[in-house]
Number of protein chains: 2
Amino acid sequence: MATQPTTLTPGKGERTATRVREAALELFSRLGFERTTMGDIAVAAGVSQPALHYHFQDKAQLWRAAMLQLRAVIAEEEQLMEASTGAGPLDQLRTALRLFLQISWKHPALGRIVALEGMAGGERLDWLHAHLLGPRNQRLVDLARAAIAAGELKPFPPEQLIITLQAAGAGVINLSPLMKTSFGIDPSTPTARAAHEAMMLDAFLGGLLAQPQSPARRQTAPASGEAP
Amino acid sequence: MATQPTTLTPGKGERTATRVREAALELFSRLGFERTTMGDIAVAAGVSQPALHYHFQDKAQLWRAAMLQLRAVIAEEEQLMEASTGAGPLDQLRTALRLFLQISWKHPALGRIVALEGMAGGERLDWLHAHLLGPRNQRLVDLARAAIAAGELKPFPPEQLIITLQAAGAGVINLSPLMKTSFGIDPSTPTARAAHEAMMLDAFLGGLLAQPQSPARRQTAPASGEAP
DNA sequence: GCGGTTTCTGATTTCATAGTCAGAAATGAC
DNA sequence: GTCATTTCTGACTATGAAATCAGAAACCGC
């Protein structure tokens, strides 16, 4: 007794509830709320459909429970950001973007949900904003604003800038099925991931700089080679 | 008789069918296929729900009919691109991006559909690829590849590059509801649109250039002032 | 304005899925 | 091992949306 202060062994109920939440997050984020059926989730979690209603009151509550798993993801991101407190705003923004990309690859459901519900609007988006996205977006916008104020970034509207960076960063990840269909390419291979990260940090963020920092040899190898 | 070689006056049936297609495109692209009901479309088009089945066999066929309206949009884009045939690949790419942004603002449904179905995969994405997106994406990737071969663009994987540019360009437009919820901002005002276009062309595309073309005064005013 | 055709509606059926419930099976403390 | 409790299932109901259809209304060439 000492390693984890939380529950020692989760107990059968909590274990299946977790499986259900994970399956639900995957399906909800990929297909959206209505297109995902309780039956689909049950099959994916390996239980019967009524079992879902034993653990979760209804579909809407299961959706929220699934989303709440992402709180840990965002909290982890936030914690990793703290290491760069004290650095200049641009360096912090660079770190934030790098972390965003890592998190997005590791938990693609987050970006998909933002895209899905962010397009539709409605009460689910309001809920996401209140419980998940609000502080994070605010933090990033504040960073961008500080970098602009410091003369390190071109003076674009910081909200647009942040949303666009997120959309660009998550684009290739979210649209994996499209890339497969259109080009026969799987963007989740290590090679493709490295190229993607290089492109985002080098080119996209680089283009936003107020002065072309070091125009000489900042060329990172975009393909091949393993990531650090 | 001479102005239009097509039908002179559409006739009542075709007129309501068009209203239905337009309403369907708006709803399908915003909410997705399952979340959109035939009843919703009927109300939006000002007809009864069975009327939809008079003009369109079933929901799936109405979806396809709605999507086919976007063919004209893409054809128009393609036609406008022809003006820059003969220019260097980078100039063509710049034109393509500018046109993409214009089209995306004018017909936001296109970007939303790509995002929605491109995330989910499945037969609707296959259909979109075959009937709408395939040639366009191929054309853009070929352009990027040419620009890279000419040494004008940094050598990132052209497919990733194109998808990312599209995701970045459509991001702010698609995520209008998110921007409203998170920041209370409407990105579709003329000012915001101008800033967005400047950001995409100046910063994002600029960052991709192989050599920092003209690092001096290529600073376009990001906000205020009317677009040319 | 008439008659045939096109276009549309109200009423109804069909079907998929969310949600309920009584009771069976698994679990784990003793 | 026993037994109370937790966990889950099969069978069922309720609901909402897609699709159908008979007939009404609008349309249009004459």
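Heads up: these notes are all about the structure in this document. A quick note: this is a predicted structure, and the numbers were derived from the prediction, not measured.

What counts, and where the lines are drawn
Residues numbered from 1 in each chain as written. Chains lettered and ligands numbered in written order. Predicted model: local features only at pLDDT ≥ 70, side-chain atom pairs only at ≥ 80, totals over all residues. Heavy atoms only, no water. Core = buried A, V, L, I, M, F, W, Y, C linked by side-chain atoms within 4.5 Å. Buried < 20%, exposed > 50% of the residue type's maximum accessible area, 1.4 Å probe, protein only. Contact = heavy atoms within 4.5 Å. Near = heavy atom within 4 Å. Polar contact = N/O pair within 3.5 Å; in protein donor to acceptor, adjacent residues only side chain to side chain. Helix = DSSP H or I, 4+ residues; strand = E, 2+ residues; numbered from the N terminus.

Within the largest apolar cluster, 142 residues are counted, with the highest numbers of intra-cluster contacts made by M67, F204 and L208 of chain A together with M67, F204 and L208 of chain B. Leaving out residues up to four positions away in the same chain, L208 of chain B has contacts with M199, A203 and F204 of chain A together with L153, K154, F156, L161 and L165 of chain B.

The next subject is the protein's contact with DNA strand C. If you check the shell around DNA strand C, you find 18 residues, and the closest are M38 and K59 of chain A together with T16, S48 and H55 of chain B. Of all DNA strand C atoms lying within 4 Å of any protein atom, the proportion belonging to sugar or phosphate reaches 60%. Interatomic distance of 3.0 Å between a side-chain N/O atom of Y54 of chain B and a phosphate oxygen of DNA strand C. With respect to DNA strand C, the side chain of H55 of chain B contributes an N or O atom lying 2.2 Å from a phosphate oxygen.

On to the protein's contact with DNA strand D. Residues in close proximity to DNA strand D total 19 residues, the closest being T16, S48 and H55 of chain A together with M38 and K59 of chain B. The sugar and phosphate moieties of DNA strand D supply 60% of its atoms located within 4 Å of the protein. Between DNA strand D and M38 of chain B, the relevant distance is 2.9 Å, taken from a phosphate oxygen to a main-chain nitrogen or oxygen of the residue. In the environment of DNA strand D, a base nitrogen lies 3.2 Å from a nitrogen or oxygen atom belonging to the side chain of Q49 of chain B. Where the surface near DNA strand D is concerned, the elements lending two or more residues are α1 (12–31) and α3 (49–55) of chain A together with α2 (38–45) and α3 (49–55) of chain B. Of the residues forming the surface near DNA strand D, the biggest block, 4 residues, is contributed by α3 of chain A.

This part covers helix α9 (residues 176–183) of chain B. Burial analysis of α9 of chain B places 6 of its 8 residues in the buried class, which makes it a mostly covered element. Three or more residues of α9 of chain B are buried, namely S176, P177, L178, M179, S182 and F183 of chain B.

Purely spatial values, then, with no claim about function.
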